[in-house]
Amino acid sequence: MNNSINFPTPINPLIDVKNLVKYFPVKTGLFQRTSAWVQAVDNVSFSVSAGETLGLVGESGCGKTTVGRSILRLIEPTSGSVSYNGKDVLKLRGNELKHIRRDMQLIFQDPYSSLDPRVPIGESIIEGLIIHKIGSPKERNEIMIETLKKVGLEYYHARRYPHEFSGGQRQRIGIARALALKAKFIVCDEPVSALDVSIQSQVLNILKELQKEFNLTYLFIAHNLSVVEHISDRVAVMYLGKIVEITSRADLYQMPLHPYTIALMSAIPIADPHLKRERILLKGDVPSPLNPPKGCRFHPRCPIAKDNCSVEEPVLRELSSDHQVSCHYAEQFLK
Ligand code: SF4
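Residues numbered from 1 in each chain as written. Predicted model: local features only at pLDDT ≥ 70, side-chain atom pairs only at ≥ 80, totals over all residues. Heavy atoms only, no water.

## Details of the overall build of the protein
Next up, step 1: Within the protein, the regular secondary structure consists of 10 helices and 12 strands.
Next up, step 2: Here the C-alpha radius of gyration of the protein, 21 Å, is about what a compact globule of 335 residues would show, namely 20 Å.
Next up, step 3: Across its three principal directions, the C-alpha atoms of the protein cover 70 × 60 × 45 Å.
Next up, step 4: Relative to its full complement of 335 residues, the protein shows a buried share of 50%.
Next up, step 5: In the protein, of all internal contacts separated by at least 6 residues, the share reaching a separation of at least 24 is 64%.
Next up, step 6: As presented, the protein carries roughly 16,400 Å² of accessible surface, and 52% of it is formed by carbon and sulfur atoms.
Next up, step 7: Across the protein, the mean location of the 41 positive side-chain charges is 5 Å away from that of the 35 negative side-chain charges. (Helix = DSSP H or I, 4+ residues; strand = E, 2+ residues; numbered from the N terminus. Rg over C-alpha atoms; globule rule 2.2 N^0.38 Å. Buried < 20%, exposed > 50% of the residue type's maximum accessible area, 1.4 Å probe, protein only. Contact = heavy atoms within 4.5 Å. Areas by Shrake-Rupley, 256 points an atom, 1.4 Å probe, with all protein chains shown as cover. Lys, Arg positive; Asp, Glu negative; His and termini not counted. Charge placed at Lys NZ, Arg CZ, Asp CG, Glu CD.)

## Overview of the nonpolar core
Next up, step 1: Ile175, Ile186, Leu207, Leu210, Phe220 and Tyr253 are the most contacted members of the largest nonpolar core, which totals 52 residues.
Next up, step 2: Ranked by residue count, the leading element in this core is helix 6 (residues 167–180), at 6 residues.
Next up, step 3: Non-local contacts of Leu210, meaning those with residues more than four positions away in its chain, are made with Lys150, Val151, Ile175, Leu179, Asn215, Leu216 and Tyr218.
Next up, step 4: Core analysis: the second largest hydrophobic core is formed by 33 residues, Phe46, Leu72, Ile100 and Leu106 among them. (Core = buried A, V, L, I, M, F, W, Y, C linked by side-chain atoms within 4.5 Å.)

## Here's the deal with the sheet that holds strand 11 (residues 317–320)
Next up, step 1: Taken in spatial order, the 8 strands line up as 6-7-8-3-9-10-12-11 in an open sheet, and their pairing is mixed. Two strands bound the open sheet, and with one partner strand each, they are strand 6 (104–107) and strand 11. For this sheet, the mean inter-axis angle between neighbouring strands, taken without regard to orientation, is 20°.
Next up, step 2: For strand 6 and strand 7 (residues 185–189), the ladder comprises 4 bridges, and the chain directions are parallel. Considered in strand 7, the bridge of Met104 is made with Phe185.
Next up, step 3: Sheet contacts for helix 10 (residues 259–266): strand 9 (234–239) and strand 10 (242–248); angle to strand 9, the most-contacted strand, approximately 105°. (Pairing = 2+ DSSP bridges. Axes fitted to C-alpha atoms, helices over the stretch in contact; angles between N-to-C directions.)

## Describing the side chain of Arg297
Next up, step 1: Structurally, the position occupied by Arg297 is in the loop between helix 10 and strand 11.
Next up, step 2: Looking at Arg297, its side chain comes within polar contact range of the side chain of Gln39, at 3.0 Å.
Next up, step 3: Beyond its immediate sequence surroundings of up to four residues, Arg297 is in contact with Gln39, Asp42, Tyr239, Leu240, Gly241, Lys242, Pro287 and Pro292. (Polar contact = N/O pair within 3.5 Å; in protein donor to acceptor, adjacent residues only side chain to side chain.)

## Topic: the site of the ligand
Next up, step 1: Around the ligand, 13 residues are found, and the nearest of them are Cys296, Cys302, Cys309, Cys327 and His328.
Next up, step 2: Class assignment for the residues of the shell around the ligand results in 10 nonpolar, 3 polar and no charged. (Near = heavy atom within 4 Å. Nonpolar A, V, L, I, M, F, W, Y, C, P; charged D, E, K, R; others polar.)

## Description of unusual backbone geometry
Next up, step 1: Phi angles above zero are rare outside glycine, and Arg73 is one such case at about 65°.
Next up, step 2: Residue position: Arg73 is located in the loop between helix 1 (64–71) and strand 4 (79–84).
Next up, step 3: Among the residues examined, Arg73 registers a relative accessible area of 7% and is labelled buried.
Next up, step 4: Of note in this structure, Lys182 is not a glycine but carries a positive phi near 60°.

## What about the packing of helix 4 (residues 121–131) against helix 6?
Next up, step 1: Contact geometry of helix 4 with helix 6 gives a least axis separation of 9 Å together with a crossing angle of 30°. As summarised for this structure, helix 4 and helix 6 are arranged roughly parallel, according to the angle between their axes. The chirality of how helix 4 crosses helix 6 is right-handed. Of the residues in helix 6, those in contact with Ile121, Ser124, Ile125 and Leu129 of helix 4 are Ile173, Ala176, Arg177 and Ala180. (Parallel < 35°, antiparallel > 145°, perpendicular 65-115°, else oblique. Left-handed = near helix turned anticlockwise from the far one by under 90°.)

## Focus: the pattern of salt bridges
Next up, step 1: On inspection of all chains with the given rule, the structure shows 15 salt bridges.
Next up, step 2: Of the charged contacts in the structure, one is a salt bridge between Glu52 and Arg234, with a shortest N-O distance of 2.7 Å. Of this pair, Glu52 sits in the loop between strand 2 (33–49) and strand 3 (53–57) while Arg234 sits in strand 9; the two residues are 182 residues apart in sequence, bridging distant segments of the chain.
Next up, step 3: Arg234 sits in the buried class, given a relative accessible area of 16%.
Next up, step 4: A salt bridge links Glu331 to Arg317; the nearest nitrogen and oxygen atoms lie 2.8 Å apart. (Salt bridge = Lys/Arg side-chain N within 4 Å of Asp/Glu carboxyl O.)

## Brief notes about the sheet that holds strand 5 (residues 87–88)
Next up, step 1: Spatial ordering of the open sheet is given by 2-1-4-5, a layout of 4 strands whose pairing is antiparallel. Only two strands of the sheet have a single neighbouring strand rather than two, namely strand 2 and strand 5.
Next up, step 2: Bridge count between strand 1 (residues 13–28) and strand 2: 13 bridges; the pairing is antiparallel. Bridge pairing in strand 2 places Val21 opposite Asp42.
Next up, step 3: Across the sheet, helix 1 is in contact with strand 1, strand 2 and strand 4; its angle to strand 1 comes to roughly 115°.

Here is the structure:
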């Protein structure tokens, strides 16, 4: 928790996260005393400009979903700061918090879980407008039909129930709900992970088109580097609660500098059958965030670890323009 991380701040960042920490208590015994802490997110910092997509990638359990939900205050961070358009989100209460929540929305991996199965989807979209006191009943209906069209659905879909839609269509409904509220910042939490590959690109294209039209800002969370490459302007790679590398999409895919990112890249299939890439298999499993390794958290699995890696924690440092990495020995991967 003691590393102070400084990222280059984009000009006019819409979202500015500084030293975000989220520890979950582990309660045991009759009196439910806190016996340990799950260090889900540890000192994470980044900024996202208006109209930009930051991809947040890492294996399941690395803390990326916790980052997204902490920014939206769906869970309360342990410490750190989150600023939206210059406002300190973690200090907002009551109406101010409600107001900012309209601007900051979440798209779930499984939109079915966020839709009431007994309510037609048109009403689900209108429900958000009622909560935020937007428009008259007639205007709400118009907004609902307009947003359905924007995500490629028709007005008659409004009367249908969630179970009558495919996974891809339900994801479009999730996007429509955020869009109806005129959200400006959207946390997309693995929005295409559960979809077939052919449907994935349709949903990603809708997200990109809407971003262009409405200058939307996305934090796009995924475990799949290929999906992140398709949509992101910049990418942050997380490992065991920390960001280990952050840079532009082009730099990350052309010159990954952290041994963990390099291993993840080696697992991406290449479309050309004549090209071969050597797969780097990491030893062991991801350690428990209950008791993360000392020094560099990646050292028990790192193929190039040296003695000092288990003692000295690397800080995130800039190795080339706008390319930060937390590894003592990343220079060898510079091209
Ligand atoms: Fe590997 Fe050491 Fe770099 Fe960590 S600091 S990624 S253990 S070489």
